[in-house]
Amino acid sequence: MPLVIDSLEQLPADLPATCRPQPMPNRLLMCPPTYFDVIDVKNPHMEGQIGRVDRAGAARQWQDVRSAFERAGARVELIDPEPGCEDMVFCANQTLAGLDATSSRVCLLSRMKHPSRQREVPAFARWFGAAGYRVVEMPRPVGFEGSGDAIWHPGRGLIWGGYGHRTQPEAYEAVAETFGVPVIRLKLLSDRFYHLDTCFCAIDEDTVLVNPRSLEPRGMEMIRAVFRRVVECPPDEADGGMACNATAIGGRHVVIQRGNERTVGALRELGYEVHEVDTAEFLRSGGSVFCMKMYVF
Ligand code: ARG
């Protein structure tokens, strides 16, 4: 039943158990960083970074992220980069891909905040169309930045939806309708955590890695009610090291920016296989491991 939830009082009992089971995707879509650059300031991480990207370094780091995904058991597919789309490497943002109420594959297109990023969306619409997805436009004239803000609960028909910087709260009624699932809406407090994927990483059905300081108390209450295990990321690692912008694969592997020692230690302690990679060139643009792929069902 599609439904948008904003507080513990509205949260149905027994989530996520009452949400439909669905596979955890192990296909990932990536975009080579051929034209990657920082040419403006779309988020605070980009301040002071214009013109500082090392393209050769970015290409090596991107390859390392791809290899780590493959070591973790994912199958990586590619979309062709387009000249003039300097942020296209962040392919979490242009769409939200998933399954609808009839288990058919559907791709909801984003309405991105920055005109320079709106240009990226048609290429993804073509890619998902060719891959057999039903491709739909966001039916409302509101901001929506795909899986940067709308994150599937692993293994369940349930979506966590961040808003406040790029995505507007009204987008989530349409997200709930499109996928036929409930959406739990979370307001983002800080512009350094401008997408939900910068402060919230769903690892498996029971476990989430989160930066509590960048979410409202009522958001944290819902997170604690639905996930049995909440791993709190140290604030310095969440910010400087983008530790929450990690990618979980198969509920067992986590690929994460290197140097986040306490976060990595906590995840290893819980039994996850952690793969550390260097995304320093992409951090200049405010993105890390999670942003560099789209889960493909
Ligand atoms: N420079 C990009 C932007 O500001 C980075 C996007 C990172 N993506 C993400 N899902 N957090 O739009």
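For the structure, check the block above.
Rules used in this analysis
Residues numbered from 1 in each chain as written. Predicted model: local features only at pLDDT ≥ 70, side-chain atom pairs only at ≥ 80, totals over all residues. Heavy atoms only, no water. Pairing = 2+ DSSP bridges. Helix = DSSP H or I, 4+ residues; strand = E, 2+ residues; numbered from the N terminus. Axes fitted to C-alpha atoms, helices over the stretch in contact; angles between N-to-C directions. 1 Å grid on protein atoms, 1.4 Å probe; cavity = no way out; pocket = protein on both sides within 12 Å on 5 of 7 lines; lining within 4 Å. Points joined across faces, edges and corners; volume = space filled by probe spheres on them. Nonpolar A, V, L, I, M, F, W, Y, C, P; charged D, E, K, R; others polar. Near = heavy atom within 4 Å. Polar contact = N/O pair within 3.5 Å; in protein donor to acceptor, adjacent residues only side chain to side chain. Areas by Shrake-Rupley, 256 points an atom, 1.4 Å probe, with all protein chains shown as cover. Sits in = over half its atoms within 2 Å of the grid points. Buried < 20%, exposed > 50% of the residue type's maximum accessible area, 1.4 Å probe, protein only. Phe/Tyr/Trp six-rings, centres within 6.5 Å; stacked < 30°, edge-to-face > 60°. Lys NZ or Arg CZ within 6 Å of the ring centre and 35° of its normal. Contact = heavy atoms within 4.5 Å.

1. Observations regarding the sheet that holds strand 6 (residues 134-136)
Here three strands make up an open sheet; going across it, the order is 4-5-6 and the pairing mixed. Bordering the open sheet on either side are strand 4 (95-99) and strand 6, each of which pairs with just one other strand. Each strand axis lies, on average, 20° off the axis of its neighbour in the sheet, ignoring direction. One ladder, built from three bridges, connects strand 5 (residues 105-109) with strand 6; its direction is parallel. If you follow Val106 over to strand 6, its bridge partner there is Arg134.

2. Things to note about empty space enclosed by the protein
Under the defined criterion, the tally for this structure stands at four cavities of 30 Å³ or more. Space inside the largest cavity adds up to approximately 290 Å³. What lines the largest cavity is a set of 25 residues, and nearest its centre among them are Pro25, Trp152, Pro154, Ala202 and Tyr295. Looking at the lining of the largest cavity, the elements with two or more residues in it are strand 4, strand 7 (150-152), strand 10 (200-204), strand 13 (247-249) and strand 16 (294-296). The element that contributes the greatest number of residues to the lining of the largest cavity is strand 10, accounting for four residues. Taken as a whole, the second largest cavity spans an internal volume of roughly 90 Å³. If you trace the second largest cavity, you find 14 residues lining it, with Asn43, Phe90, Arg117, Tyr194 and Ser285 closest to the centre. Tallied by class, residues from the lining of the second largest cavity come to four nonpolar, six polar and four charged.

3. Concerning the site of the ligand
In the vicinity of the ligand lie 16 residues, with Asn93, Arg166, Asp197, Ser285 and Cys291 positioned nearest. Separating an oxygen atom of the ligand from a side-chain N or O atom of Asn43 is a distance of 2.8 Å. At a separation of 2.9 Å, a nitrogen atom of the ligand approaches a polar side-chain atom of His195. About the coverage of the ligand: the protein hides 100% of its 350 Å² of free accessible area. Counting atoms within 2 Å of the grid points, the majority share of the ligand lands in the second largest cavity. Looking at the shell around the ligand residue by residue, the class counts come to four nonpolar, seven polar and five charged.

4. A closer look at the side chain of Asp87
Mapped onto the fold, Asp87 is located in the loop between strand 3 (75-78) and strand 4. Side-chain polar atoms of Asp87 contact the side chain of Lys42, separated by 2.7 Å.

5. Side note on the pairing of strand 5
Buried residues dominate strand 5, accounting for four of its five residues. Pairing analysis gives five bridges linking strand 4 to strand 5, with the strands arranged antiparallel. Note on strand 5: the bridge partner recorded for Thr95 is Leu109. The hairpin turn running from strand 4 into strand 5, its antiparallel successor, is five residues long, and Ser103 in that turn takes a positive phi close to 65°.

6. Let's talk about the packing of aromatic side chains
Evaluated as defined, the whole model comprises twelve aromatic pairs. Between Trp152 and Phe297 the ring centres are 5.8 Å apart and the planes differ by 65°, which places this aromatic pair in the edge-to-face class. Pair noted here: Trp152 is in strand 7 and Phe297 is in the segment after strand 16, with a separation of 145 residues, a long-range link. Summarising the burial analysis for this pair, Trp152 and Phe297 share the class buried. The ring of Phe290 has Lys293 sitting right over it, with the charged end atom 3.3 Å from the ring centre. Over the ring of Tyr295 we find Lys293, and its NZ or CZ is 4.6 Å from the ring centre.

7. Some details on helix 3 (residues 121-130)
Every α-helix winds through 3.6 residues per turn, so residues three or four apart in the chain are directed the same way. Every buried residue belonging to helix 3 is among Val121, Ala123, Phe124, Ala125, Trp127 and Phe128, and all of these are buried. Once helix 3 finishes, Gly132 follows within two positions and takes phi at roughly 95°, a positive value.

8. With respect to the side chain of Arg166
With respect to the helices and strands, Arg166 occurs in the loop between strand 8 (159-163) and helix 4 (171-179). Residue class for Arg166 comes out buried when judged on its relative accessible area of 6%. A polar atom in the side chain of Arg166 sits 3.0 Å from the backbone oxygen of Lys42. At 3.0 Å, the side chain of Arg166 forms a polar contact with the side chain of Glu145. Aside from chain neighbours lying at most four places away, what touches Arg166 is Lys42, Asn43, Lys113, His114, Gly143, Phe144, Glu145, Asp149, Tyr194 and His195.

Interpretation note: all reported values are geometric properties and have no functional meaning in isolation.
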